[in-house]
Amino acid sequence: MIEPFATQVNFGTGVIDSVPHIITRRLSDMRRMYADPHTLEAQIAAHGDPLVYEVYPVELPEEAGQILHCTTIIYPGRVNDEYYMTKGHFHSKRDCGEVYLGLSGTGMLLLQLEDGTVRAVPMTPGTSAYVPPYWAHRTVNTGNEPFIFFAAWPGDAGHDYGTIEQTGFAQLLVDRGGVPTLVPNPRYP
Ligand code: M6P
Ligand code: ZN
């Protein structure tokens, strides 16, 4: 039995107090995720492996009945014209959804079905975005400041990164003259 508790979420920084283990993702952790691997390696060499995003997960057992929740902070940046973003995942248990709440900055929620159907949902502070069951999801920072959001999902959902790691999303979100634009992913089968 878990005692009821509350955490304090800083909407401006994304920091949740009392989170013991922060997940950090640097450019070197994103090697398989970007369409232009040469620019990615050049940026790591030139800038010493910059931070792409951080996750503050509230510590809870990953089991049915629990509601896992966290904040994510995606820093502004690009690899060539592709924005900094999360790895993206399906839920291992495909029939589990998720809810996001935008806290700061601007971004896009990209979603994809197993058949390659892609949807994009813009997010600003106050946007509550719903990830329905069966949709893979990735968030992208399309602005010039950190993009911060809160997420909640079922404790037994699980993260399946394999599918996205192998092929990526069917469409990439790229900067075209300052406008976030979806283009086909050449790597997608
Ligand atoms: C959101 C949630 C988390 C996820 C995080 C980073 O906050 O969906 O479950 O871990 O984004 O995304 P990813 O795990 O795909 O790197
Ligand atoms: Zn998820």
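Our subject is the structure that appears above.
Residues numbered from 1 in each chain as written. Chains lettered and ligands numbered in written order. Predicted model: local features only at pLDDT ≥ 70, side-chain atom pairs only at ≥ 80, totals over all residues. Heavy atoms only, no water.

A. Quick look at the pairing of strand 7 (residues 98-104). In terms of residue burial, strand 7 counts as a mostly covered element, since five of its seven residues are buried. Two strands pair when backbone bridges link them, and strand 7 and strand 10 (residues 128-131) are joined in this way by four bridges, in the antiparallel orientation. Pairing of Glu-98 across the sheet is with Val-131, part of strand 10. Bridge count for strand 7 against strand 12 (residues 147-154) is five bridges, and the pairing is antiparallel. Considered in strand 12, the bridge of Tyr-100 is made with Ala-151. (Buried < 20%, exposed > 50% of the residue type's maximum accessible area, 1.4 Å probe, protein only. Helix = DSSP H or I, 4+ residues; strand = E, 2+ residues; numbered from the N terminus. Pairing = 2+ DSSP bridges.)

B. Geometry of the pattern of salt bridges. Overall, the coordinates contain seven salt bridges when judged by the stated rule. Here Asp-175 ties to Arg-78 by a salt bridge, and the two come within 3.3 Å at their closest N and O atoms. Taken together, the positions of Asp-175 in strand 14 (residues 171-176) and Arg-78 in strand 4 (residues 78-79) put the pair 97 residues apart, joining distant regions of the chain. The salt bridge involving Lys-93 is made with Asp-156; its shortest N-O contact spans 3.9 Å. Of this pair, Lys-93 sits in the loop between strand 6 (90-91) and strand 7 while Asp-156 sits in the loop between strand 12 and strand 13 (159-160), and the two are 63 residues apart along the sequence. (Salt bridge = Lys/Arg side-chain N within 4 Å of Asp/Glu carboxyl O.)

C. Summary view of the coordination of the zinc ion (ligand 2). Bound to the zinc ion (ligand 2) are the protein donor atoms His-89 (NE2), His-91 (NE2), Glu-98 (OE) and His-137 (NE2), situated 2.0 to 2.2 Å from the metal. Metal-centred angles of 86 to 156° between the four donor atoms at the zinc ion (ligand 2) mark the site as irregular. Here the donor residues of the zinc ion (ligand 2) share one chain and are spaced in sequence as H-x1-H-x6-E-x38-H. Of the two residues, His-89 sits in the loop between strand 5 (82-83) and strand 6 while His-137 sits in strand 11 (residues 136-141), which places them 48 residues apart along the sequence. (Donors = N, O, S within 2.8 Å, 3.2 Å for Na, K, Ca; no water. Tetrahedral: all angles 85-135°; square planar, octahedral: opposite > 155°, others 65-115°.)

D. Inspection of the site of ligand 1 at higher detail. Around ligand 1 sit 15 residues in total, of which Tyr-53, Thr-72, Glu-98, His-159 and Tyr-161 are the nearest. Within the side chain of Tyr-100, a nitrogen or oxygen atom sits 2.9 Å from an oxygen atom of ligand 1. His-159 is positioned such that a nitrogen or oxygen atom in its side chain is 2.8 Å from an oxygen atom of ligand 1. With respect to the pocket detection grid, ligand 1 is positioned in the largest pocket. Put simply, the parts of the chain that give the shell around ligand 1 at least two residues each are strand 2 (51-57), strand 3 (67-74), strand 7 and strand 12. Broken down by element, the shell around ligand 1 gets its largest block of residues, three residues, from strand 12. Of the residues assigned to the shell around ligand 1, the class counts are eight nonpolar, five polar and two charged. (Near = heavy atom within 4 Å. Polar contact = N/O pair within 3.5 Å; in protein donor to acceptor, adjacent residues only side chain to side chain. 1 Å grid on protein atoms, 1.4 Å probe; cavity = no way out; pocket = protein on both sides within 12 Å on 5 of 7 lines; lining within 4 Å. Sits in = over half its atoms within 2 Å of the grid points. Nonpolar A, V, L, I, M, F, W, Y, C, P; charged D, E, K, R; others polar.)

E. Molecular detail of the side chain of Lys-87. Residue position: Lys-87 is located in the loop between strand 5 and strand 6. Of the side chains with opposite charge, Glu-165 comes closest to the buried, unpaired Lys-87, at an N-O distance of 4.2 Å. (Lys, Arg positive; Asp, Glu negative; His and termini not counted.)

Function-wise, these values are silent; they only describe arrangement.
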